[in-house]
Amino acid sequence: MRRKLAAGNWKMNGLTDSLDELRSLARAHPDPAVDILVCPPATLISQAAQVCAGLPVAIGGQDCHTERTGAHTGDLSAEMLKDSGACAVILGHSERREDHGETSDMVRAKARAAHAAGLMAVICLGESLAQRDAANTLDIIAAQMSLSIPDTSTAENLVIAYEPIWAIGTGKLPDAAQIGEVHDFIRTRLERRFGPGAGRGMRILYGGSVKPNNADQVFRVPNVDGALVGGASLRAEDFSPIIKALSQTG
Ligand code: PEP
């Protein structure tokens, strides 16, 4: 029912020659059984969208402003991302929540702006190690969900990425039970809020140190509909086996 999604977050990495990685990725997956999304830095969105035109690799942004236009130096609106060729945008990544003081209220407003512009919002949620150690993980996820997800969400325009902060870029992978507990919890709350139809159709990605050598164990966990991949999405030779592993799971 839910088409799986392999999403790459290039963060602040990538120059023009990195577009070759997109060409290689598309060549390796001419007819993928899963959706593929790559979110390069904003400077590359337009060129990346041109490179991937007609290919099964969609392009997304990594953040957007809450407003459509205005006096916001250095910011980009959802409409601008769309105009550049993006079809999606990552919102509320823990690096933006930490480095830029983004609150869940801001993430919700950005997601609403993304939806208004016709973009799919990939909303990131996740607990810190201290919160996990204090057994607060599900309370944190519940609060982030209530505040970060707008009422404009549908199965088509919302993807949740569960990204434990302590797993991002650290090589530490939660075990299957830890991933499964949070994904099941998110699914239940989505169904309760949006109804069984939409709630069951919304995709929930896992993110945090997904690599070619551990992807299949992550994808075997129920309610994991794919991955948001950072470091291992930068090179096609690393991202490609992750996409293959996802394609091979039920
Ligand atoms: C991320 O930052 O979204 C992420 C999942 O990073 P990494 O895969 O490098 O841990």
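The rules behind the values
Residues numbered from 1 in each chain as written. Predicted model: local features only at pLDDT ≥ 70, side-chain atom pairs only at ≥ 80, totals over all residues. Heavy atoms only, no water. Core = buried A, V, L, I, M, F, W, Y, C linked by side-chain atoms within 4.5 Å. Buried < 20%, exposed > 50% of the residue type's maximum accessible area, 1.4 Å probe, protein only. Helix = DSSP H or I, 4+ residues; strand = E, 2+ residues; numbered from the N terminus. Contact = heavy atoms within 4.5 Å. Near = heavy atom within 4 Å. Polar contact = N/O pair within 3.5 Å; in protein donor to acceptor, adjacent residues only side chain to side chain. Areas by Shrake-Rupley, 256 points an atom, 1.4 Å probe, with all protein chains shown as cover. Pairing = 2+ DSSP bridges. Axes fitted to C-alpha atoms, helices over the stretch in contact; angles between N-to-C directions.

## Focus: the nonpolar core
Argument step 1. Leu22, Ile186 and Leu190 are the most contacted members of the largest nonpolar core, which has 63 residues in total.
Argument step 2. Broken down by element, this core gets its largest block of residues, six residues, from helix α10 (residues 236–248).
Argument step 3. Beyond its immediate chain neighbours, meaning those up to four positions away, Ile186 contacts Leu125, Ile141, Met145, Ile160, Tyr162 and Ile204.

## With respect to the site of the ligand
Argument step 1. If you check the shell around the ligand, you find 14 residues, and the closest are Lys11, His93, Glu163, Gly169 and Ser209.
Argument step 2. Separating an oxygen atom of the ligand from a backbone N or O atom of Gly169 is a distance of 2.7 Å.
Argument step 3. At 2.8 Å from an oxygen atom of the ligand is found a main-chain nitrogen or oxygen belonging to Gly230.
Argument step 4. The protein chains hide 97% of the 290 Å² of surface that the ligand would expose on its own.

## With respect to the sheet that holds strand β3 (residues 58–61)
Argument step 1. Taking strand neighbours around the barrel as the criterion, the eight strands line up as β1-β2-β3-β4-β5-β6-β7-β8 in a closed arrangement whose pairing is parallel. The mean angle between the axes of side-by-side strands here comes to 25°, regardless of whether they run parallel or antiparallel.
Argument step 2. Where strand β1 (residues 5–9) and strand β8 (residues 226–229) come together, four bridges link them in parallel fashion. The residue bridging Gly8 from the neighbouring strand is Val229, located in β8.
Argument step 3. Packed onto the sheet, α10 meets β1, β2 (35–39) and β8 and runs at close to 160° relative to β1.

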